[in-house]
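Chain by chain, the residues run as shown.
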Amino acid sequence: MKKTSEFPLGPVLPPPPEERRYGARRLAAGVLLGLTGLSVTGAVVSSTCTLCYAVTTTGGGAPVAYVQGQESYQQAVERVEAQVSEILQEEYCYQEVPALVPTIAPRQEVQAGADLTDALMDTVEQVKPACLLLVDGVTAGACADQAEVEAALEAVKDRYRGEGTLSTYFDSEVDLVQDYLPLEAELLSGPELAEKLLPPEGEAVEVFAAQEETVRLAVCTVEMETYTAQLPPEEEIIEDDTLLVGEQKLLREGSAGQEERVDRVVYRCGVEEERETLSAIPILPSVSTQVAVGTAQGVQGAQGRFVWPCMGSVTSGFGSREIFGSTGFHRGADIAASQGSTICAAAAGTVSWSGEKGSYGNLVKVDHGNGFVTYYAHCSALLVSAGETVEQGQAIAQVGATGRATGPHCHFEVLWQGEPIDPLQCLP
């Protein structure tokens, strides 16, 4: 088997019979001159020619090959028998009975090894020469000669070539091999081989390969593309201490810009696999989107968000205090008011608790949905239920002295992200 290095390089073939006959005629002339005893010509012949054997078959005619001796010929016959047996999948015995005739021939025409084997293979009637296409080591098809296989491969590439195509290559190892096939083996024409290798229009090569149980031959193309690209606006962040942490406000809607790009793109069977921008020329600048992001938190963030839950004097503030004979930390502020007076929601939100809660007595919790939660404790009556949405200033309970209390008042707490802060600093 003779393998070309890789498509599109061609194989090295033995010289055609015409060249052999021409060589034989030159040899005969050399021998004739040598026999005449011409010294100069004899010197030339001796330097370019050598003693050897001409191999002729039973059919006669021009020599099949020139060999150095019987041993090299016998080795070539053994290789032919092994090769043909493998091709036919049955034992084969070389049928030609050659004659080895001593002669003189040009040194370059004396054959050995693979060249001699190929010369003898040409005399085997049960096989025929062919050019095989191998894709990743698997035979994809065969044609009578290399030119047809090369034409088929170009036709496959043409399917994916366009006006902007810079180059094409196969995403597989593609080899062209000169070999022999059984005489009855089918040989494809170039167009037939191309049709076998190409999937139907619009069908992926992998799907085609799975359906046809054939080899995969994918074509990659390198394209140069020029187009106008949209540039999305950048986002400009502006800190705002009037907004709470986590809150945002759109200040300005941005607009997209444009630039002209030149890209180098690699497609595999028409599907983009790689893209590289070679140049980008601005056409229209983009305008950034401005977004205000809150930085306020805790007491600072509460400013202007809450109103007094009830009117009265503050009898106990936030922080450490002595009560009931012991020192403790007071988490809120106590606002004294008459029994049954109205307690309002300090800000809009959702009631997360409405019921009795230990030392708080009757308690209402309102989650304001922005990190703040407020407590209203020691109530004599509860006017809202858990899950109910309330507005700022809406009546939610009545002042009482339930739980651990010394008299009627509203215990008011403000929590920021789960931690209590001084409610008096949050009120106007």
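Check the entry above for the structure.
We now turn to the structure provided with this report.

**Quick look at the sheet that holds strand 14 (residues 289-296)**
Backbone hydrogen bonds hold the strands of a sheet together, and the pairing may be parallel or antiparallel.
In step 1: Within the open sheet, the 3 strands sit side by side as 10-14-11. Their pairing is mixed. Unpaired on one side and paired on the other, strand 10 (235-244) and strand 11 (248-252) mark the two borders of the sheet. Sheet twist, expressed as the mean angle between neighbouring strand axes with direction ignored, is 35 degrees.
In step 2: As paired elements, strand 10 and strand 14 share 7 bridges and run parallel to each other. The partner of Asp-240 across the bridge, within strand 14, is Gly-294.

**What about the sheet that holds strand 13 (residues 271-284)?**
In step 1: One open sheet accounts for 4 strands, arranged 7-9-12-13; its pairing is antiparallel. Of all the strands in the sheet, the pair left with one neighbour each is strand 7 (165-170) and strand 13. Neighbouring strand axes in the sheet, compared pairwise and without regard to direction, differ in orientation by 25 degrees on average.
In step 2: Two strands pair when backbone bridges link them, and strand 7 and strand 9 (residues 219-231) are joined in this way by 5 bridges, in the antiparallel orientation. Residue pairing across strands places Ser-167 opposite Val-222, the latter belonging to strand 9.
In step 3: Against the sheet, helix 5 (residues 146-158) makes contact with strand 7 and strand 9, and its axis sits at roughly 125 degrees relative to strand 7, the strand it touches most.

**Examining the packing of helix 3 (residues 70-88) against helix 4 (residues 113-121)**
In step 1: Relative to each other, helix 3 and helix 4 sit at 60 degrees, their axes nearing to 9 Å. Classed by the angle they form, the pair helix 3 and helix 4 counts as oblique. Along this stretch, helix 3 crosses helix 4, giving a crossing that reads as right-handed. From helix 3, Ser-72, Tyr-73, Ala-76, Val-77, Arg-79, Val-80, Gln-83, Val-84 and Ile-87 reach across to helix 4, where they touch Gly-113, Leu-116, Thr-117, Leu-120 and Met-121.
In step 2: Within the contact of helix 3 with helix 4, the residues separate by chemical class into 9 nonpolar, 4 polar and 1 charged.

**A closer look at the side chain of Ser-341**
In step 1: Checked against the element boundaries, Ser-341 lands in the loop between strand 18 (333-336) and strand 19 (342-344).
In step 2: Among the polar contacts made by the side chain of Ser-341, one reaches the main-chain carbonyl oxygen of Ser-338 at a distance of 2.8 Å.
In step 3: Residues within four places of Ser-341 in sequence aside, it is in contact with Ala-397, Gln-398 and Val-399.

**Points about the state of the cysteines**
In step 1: In this structure the tally under the stated criterion is 0 disulfides.
In step 2: Cys-344 takes part in no disulfide bond, and the closest cysteine sulfur, belonging to Cys-310, lies 8.4 Å away.

**Regarding the pairing of strand 20 (residues 349-356)**
In step 1: Two elements, strand 20 and strand 24 (residues 389-390), share 2 bridges in a ladder whose sense is antiparallel. The residue of strand 24 that forms the bridge with Thr-350 is Thr-389.
In step 2: As judged from the 6 bridges shared by strand 20 and strand 21 (residues 362-367), these two strands associate in the antiparallel manner. Within strand 21, the position partnered with Trp-353 by the bridge is Lys-365.

**With respect to the packing of aromatic side chains**
In step 1: Scanning all chains against the criterion turns up 5 aromatic pairs.
In step 2: Relative to Phe-372, the ring of Phe-306 has its centre 5.5 Å away and its plane inclined at 80 degrees; by these criteria the two rings are edge-to-face. Of the two residues, Phe-306 is situated in the loop between helix 8 (298-302) and strand 15 (313-316) and Phe-372 in strand 22 (residues 372-377); the sequence distance between them amounts to 66 residues.
In step 3: By relative accessible area, Phe-306 is classed as buried at 4%.
In step 4: With a centroid separation of 5.7 Å and an interplanar angle of 70 degrees, the aromatic rings of Tyr-360 and Tyr-375 are classed as edge-to-face. Taken together, the residues Tyr-360 in the loop between strand 20 and strand 21 and Tyr-375 in strand 22 connect sequence positions 15 residues apart.
In step 5: With a relative accessible area of 19%, Tyr-360 lands in the buried category.
In step 6: Clustering of aromatic rings is evident, with ring pairs tying together Phe-306, Phe-372 and Trp-416.
In step 7: The ring of Trp-353 has Lys-357 sitting right over it, with the charged end atom 4.6 Å from the ring centre.

Calculation notes
- Residues numbered from 1 in each chain as written.
- Predicted model: local features only at pLDDT ≥ 70, side-chain atom pairs only at ≥ 80, totals over all residues.
- Heavy atoms only, no water.
- Pairing = 2+ DSSP bridges.
- Helix = DSSP H or I, 4+ residues; strand = E, 2+ residues; numbered from the N terminus.
- Axes fitted to C-alpha atoms, helices over the stretch in contact; angles between N-to-C directions.
- Contact = heavy atoms within 4.5 Å.
- Parallel < 35°, antiparallel > 145°, perpendicular 65-115°, else oblique.
- Left-handed = near helix turned anticlockwise from the far one by under 90°.
- Nonpolar A, V, L, I, M, F, W, Y, C, P; charged D, E, K, R; others polar.
- Polar contact = N/O pair within 3.5 Å; in protein donor to acceptor, adjacent residues only side chain to side chain.
- Disulfide = S-S within 2.5 Å.
- Phe/Tyr/Trp six-rings, centres within 6.5 Å; stacked < 30°, edge-to-face > 60°.
- Buried < 20%, exposed > 50% of the residue type's maximum accessible area, 1.4 Å probe, protein only.
- Lys NZ or Arg CZ within 6 Å of the ring centre and 35° of its normal.

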